[in-house]
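# An overview of the molecular structure
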Amino acid sequence: MRARVSEKTTVAVVFTAAVFMSALDTTIVNVALPTIGRDFAVAPTAVDGISVAYLVSLALFMPVSGYLGDRFGGKRVLLTATVIFTVASALCGVAASLGELVAFRALQGVGGGMMTPVGMAMLFRAFPPGERLRASAVLVVPTTLGPASGPVLGGLLVSELSWRWVFWVNIPIGIAAVAFGAVFLRHRAETGAGRFDLTGFLLSAAGLGLLMYGISEGPNAGWASPAILAGIVAGAILLALTVLVEYRAAEPIVAVRLLGDRLFRSGTAANILMTSGFIGTLFVMSLYLQDGRGLGALAAGLSIFPEAVGVAVGSQLASRVLYPRLGPRRHMAGGLAGIATAIGLMALLGAHSSLWWARLLMFAMGFGMAQVMLTTQTASFATVSPEATGLASTMFNAGRQLGAATGVALLTTAIGIVGATHHVSGHLVANLDAYRVAFLVAAAFCLAGVPFALLISDAEAAATIPARGRPRRDRMGAPAPGRPAPLPRPSDP
């Protein structure tokens, strides 16, 4: 029976489950935070530690994920990470105090920090460049379905059952993924892991962890807070040192030299900016519907959910028609412009705007999101060698996580600066201008990604474009290169 399930199918199934759990966790827990605070009788600001602990732990363990996958094999690391995430989810659900919940969330971040990078590396090694478009069309759905379904599922679970179920919902998915992977995933030890780069790990983990802490807590504690300033400045300095040290390292744990690859660099930058605008918009739209319009969590989630439908529809059109005909450069740039337009139009929503108009814009944003995510996941790794895929996946996903945290933090700050409420005729009411400004900031994030998309060469990504739609040559590209070269050493010319 094992032989009947191909390696491509097996990797895709396990990775899809892992990505869905991780993506769902980004929004479903936020719905439950007020209820958790009341249950544990703590101040509303105290529950922020539940999210911060997860994000910081995620940042600490993500840099080492690529090395671990190469050293011990993708199957072992991916299944171990999934087990950790699943067990931690179960422990979160039985936590008896806020301190226990924060600790278990940190453990959950250990698994979450390794699942996506290792799984993506396995996927790209299983699928050659010419087949990654098809794989990305399937995988883009759980990546965006998770955040979109979080408010709906979270609102339903909290209102009908208990906040504990927002964690327990991961258990059956995790058990199924581990059982399937244990039976059908093939163990393949990767070569070239080399010695463990302890200096690079300590610098990158500490730098990314401090930066994530500062960014995620900045809107709540205040950007001028000494702790926040210290975290952001120290994190930035450590990451700068990471770049200097890892560029000279013979066997780096953070492959900063991959940023010399124009295709990978441009795709990663566009992905970070798109994620900032997209995740930030999901957060702001939830606030607009609940705080600005007075909807309940479940009703607000149902109005956000059309975004996931847009992704499902858009991914199929993108993979079958648009990517082969347009090539990655125009496809990615057009998708970013489309997302920016949809988010920008959200700034026109008022106190009495039809919710169907908001749902249509969410659908349009999801449709554009599918174009960009499919393109970045497919094209960015086209010139990355199989040996460097694990390290490249780590950088790509670390950038995505940092972009998501930055988007939510800056949009929250924009709302705070304008003021979420104001007085009208002596009554305190929602200030919808705050949400309008936040939507415009999110749109600007996506527009900022367009120049990076236009730097992409279709010819360099030619191996990922189906033959019927492959362009002969674009303005910036030379003829398609041959097999990608391995990660160069500092002494290489």
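Residues numbered from 1 in each chain as written. Predicted model: local features only at pLDDT ≥ 70, side-chain atom pairs only at ≥ 80, totals over all residues. Heavy atoms only, no water.

## Section: the overall build of the protein chain
What counts here: The secondary structure listing takes helices from DSSP runs of H or I that are at least 4 residues long and strands from runs of E that are at least 2 residues long, numbered from the N terminus. With a 1.4 Å probe rolled over the protein chains alone, any residue whose accessible area is under 20% of its type maximum counts as buried; one over 50% counts as exposed, and the rest are partly exposed. Each accessible area value is a Shrake-Rupley result obtained with a 1.4 Å probe; residue values ignore everything except the protein chains displayed when judging cover.
When its secondary structure is counted, the protein chain shows 15 helices and 2 strands. Out of the 493 residues belonging to the protein chain, those deemed buried represent 56%. Summed over all atoms, the accessible surface of the protein chain reaches about 19,500 Å², with 67% contributed by carbon and sulfur.

## Overview of the packing of aromatic side chains
Inclusion rule: The pairing test for Phe, Tyr and Trp rings, Trp by its six-membered ring, is centres within 6.5 Å, and the orientation test on the planes gives stacked under 30 degrees, edge-to-face over 60, and tilted for anything in between. Consider the ring centre and the ring normal. A charge sits over the ring if Lys NZ or Arg CZ is within 6 Å of that centre and within 35 degrees of that normal.
Within the structure shown, the criterion is met by 8 aromatic pairs. Ring centres 5.6 Å apart and planes at 80 degrees place the aromatic pair Phe 264 and Phe 381 in the edge-to-face group. Residue Phe 264 is located in helix H10 (residues 262–292), and its partner Phe 381 is located in the loop between helix H13 (355–379) and helix H14 (389–418); the two are separated by 117 residues in the primary sequence. We note that Phe 264, like Phe 381, is buried. Centre to centre, the rings of Tyr 288 and Tyr 435 are 6.2 Å apart; their planes meet at 70 degrees, and the pair counts as edge-to-face. With Tyr 288 in helix H10 and Tyr 435 in helix H15 (residues 432–454), this residue pair connects regions lying 147 residues apart in the sequence. Per residue, the accessibility class of Tyr 288 equals that of Tyr 435, and both read buried. Put simply, the rings of Phe 40, Trp 163 and Phe 167 pair up and form one aromatic cluster. For the cation-ring pair, Arg 359 lies above Trp 356, with the distance from its terminal atom to the ring centre recorded as 4.4 Å.

## Looking at helix H12 (residues 306–346)
Test applied: A helix is expected to span 1.5 Å for every residue after the first. Note that bend, as reported per residue, equals the angle between axes fitted to the 7 residues terminating at that residue and the 7 residues originating from it.
Its 41 residues give H12 an end-to-end C-alpha distance of only 14 Å, which falls more than 12% under 60 Å, the value for a rise of 1.5 Å per residue. The largest bend in H12 comes to about 120 degrees, at Gly 327, with the proline Pro 328 one to four residues further on.

## Overview of H14
The end-to-end C-alpha distance of H14 is 43 Å, a good match for the 44 Å that 30 residues give at a rise of 1.5 Å each. Taken across its 30 residues, H14 has 23 buried, putting it largely inside the fold. Where H14 terminates, the next one or two residues include Gly 419, which has phi positive at roughly 105 degrees.

## Here's the deal with empty space enclosed by the protein
We count it as follows: Within this scheme a cavity is a closed region of a 1 Å grid, computed over the protein atoms alone, that accommodates a 1.4 Å probe without allowing it to escape, whereas a pocket is open but has protein on both sides within 12 Å along at least five of seven lines; lining residues each have an atom within 4 Å of a point. Grid points are joined across faces, edges and corners, and a volume is the space filled by probe spheres set on the points. Just so you know the grouping, Ala, Val, Leu, Ile, Met, Phe, Trp, Tyr, Cys and Pro go in nonpolar, Asp, Glu, Lys and Arg go in charged, and all remaining residues, Gly too, go in polar.
A full pass over the atoms with the stated rule returns 2 cavities of 30 Å³ or more. The volume enclosed by the second largest cavity comes to roughly 30 Å³. In terms of lining residues, the second largest cavity is bounded by Leu 58, Ala 59, Met 62, Leu 208, Met 212, Ala 398, Gln 401 and Leu 402. Those elements giving two or more residues to the lining of the second largest cavity turn out to be helix H2 (48–72), helix H8 (198–221) and H14. Residues of the lining of the second largest cavity, tallied by class, amount to 7 nonpolar, 1 polar and no charged.

## Quick look at the layout of surface pockets
As a volume, the second largest pocket reaches approximately 570 Å³. If you go around the second largest pocket, you meet 23 residues; those closest to its centre are Leu 239, Met 395, Ala 398, Gly 399 and Leu 402. Ranked by residues supplied to the lining of the second largest pocket, first place goes to H14 with 7 residues.

## A few points about the packing of H14 against H15
Basically, it comes down to this: Think of each axis as a best-fit line through the C-alpha atoms, taken over the contacting stretch in the case of a helix, with angles from 0 to 180 degrees between the N-to-C directions. Two helices that cross are described as forming a left-handed crossing if the nearer one is turned anticlockwise from the farther one by less than a right angle, and a right-handed crossing if clockwise. Contacts are residue-level and defined by heavy atoms, with any inter-residue pair within 4.5 Å sufficient.
Relative to each other, H14 and H15 sit at 145 degrees, their axes nearing to 8 Å. Like other packed secondary-structure pairs, H14 and H15 cross with a definite hand, here right-handed. Across from Gly 407, Leu 410, Leu 411, Ala 414, Ile 415 and Val 418 in H14, the residues of H15 making contact are Asp 433, Ala 434, Tyr 435, Val 437, Ala 438, Val 441, Ala 442 and Phe 445. Partitioning the contact of H14 with H15 into residue classes produces 12 nonpolar, 1 polar and 1 charged.

## Quick notes on the nonpolar core
Heads up, the rule is: Residue types Ala, Val, Leu, Ile, Met, Phe, Trp, Tyr and Cys, when buried and joined through side-chain atoms within 4.5 Å, form a set referred to as a nonpolar core.
Core analysis: the biggest nonpolar cluster contains 56 residues, and Met 285, Met 365 and Phe 439 have the highest contact counts within it. Among the elements of the structure, helix H5 (132–160), H10, helix H11 (297–304), H12, H13, H14 and H15 are those that each provide at least two residues to this core. Dropping the residues within four chain positions of it, Met 285 is found in contact with Ile 304, Met 346, Leu 349, Met 362 and Phe 439. Residues Ala 12, Leu 78, Met 115 and Ala 398 belong to the second largest nonpolar core, which totals 54 residues.

## Overview of a nonpolar patch on the surface
Here is the rule: The patches described consist of residues with a relative accessible area above 30% and no salt bridge, like charges being joined within 9 Å and nonpolar side chains (Val, Leu, Ile, Met, Phe, Trp, Tyr) within 5 Å. Salt bridge criterion: a side-chain nitrogen from Lys or Arg within 4 Å of a carboxyl oxygen from Asp or Glu.
Taken together, the side chains of Val 233, Ile 237, Leu 241, Leu 244 and Val 245 present a nonpolar region at the surface, about 410 Å² in accessible area. Relative to the assigned elements, Val 245 resides in helix H9 (residues 226–248).

## Quick notes on the environment of Met 395
As for its placement among the helices and strands, Met 395 is situated in helix H14. The spatial distance from the C-alpha of Met 395 to the C-alpha of Pro 117 is 8.3 Å, given a sequence separation of 278 residues. Excluding residues that lie within four positions of it along the chain, Met 395 makes contacts with Val 254, Ala 255, Val 256, Leu 259 and Phe 264.

## Remarks on the packing of helix H1 (residues 7–39) against helix H7 (residues 170–184)
Think of two packed helices as two axes; the pair is described by the angle between the axes and how far apart they sit. Note the cut-off: What sets the label is the angle itself: under 35 degrees gives roughly parallel, over 145 gives roughly antiparallel, 65 to 115 gives roughly perpendicular, and the rest give oblique.
Running from amino to carboxyl end, H1 crosses H7 at an angle of 160 degrees, the nearest separation of the two axes being 9 Å. On the basis of their axis angle, the class for H1 and H7 is roughly antiparallel. Judged by the twist between their axes, the crossing of H1 over H7 is left-handed. For the pair formed by H1 and H7, the contact residues are Thr 10, Val 13, Val 14, Ala 17, Phe 20, Met 21, Leu 24 and Asp 25 on the first element and Asn 170, Ile 173, Gly 174, Ala 177, Phe 180, Gly 181 and Phe 184 on the second.

## Considerations on the pattern of salt bridges
Scanning the entire structure with this criterion turns up 2 salt bridges. One salt bridge connects Glu 460 with Arg 262, and the closest N-O pair in it is separated by 2.9 Å. Highlighted residues: Glu 460 in the segment after H15 and Arg 262 in helix H10, separated in sequence by 198 residues. What makes Glu 460 partly exposed here is its relative accessible area of 22%.

## A look at the side chain of Asn 397
Within the secondary structure layout, Asn 397 lies in helix H14. For Asn 397, a relative accessible area of 3% puts it in the buried group. With residues near it in sequence (within four places) discarded, Asn 397 still touches Met 62, Thr 116, Pro 117 and Met 120.

## Details of the side chain of Asp 458
Stated precisely, the cut-off is as follows: Within 3.5 Å is the distance limit for a polar contact, defined as a pair of N or O atoms, with the added protein rule that one can donate a hydrogen and the other accept it, and that residues adjacent in sequence qualify only through two side-chain atoms.
Along the chain, Asp 458 falls in the segment after H15. For Asp 458, the side chain forms a polar contact with the main-chain nitrogen of Arg 329, separated by 2.9 Å.

## A look at the confidence of the model for the protein chain
In plain terms, the rule: Along the chain, pLDDT gives the predictor's confidence residue by residue, from 0 to 100.
Residues with a pLDDT of 70 or more make up 88% of the protein chain, whose mean pLDDT is 80. Of all helices and strands in the protein chain, the one with the weakest mean pLDDT is strand E1 (residues 421–424) (69), whereas H15 scores best (92). Per-residue pLDDT stays below 50 along residues 469–493; that stretch engages in 52 contacts with residues further than four places along the chain or on separate chains.

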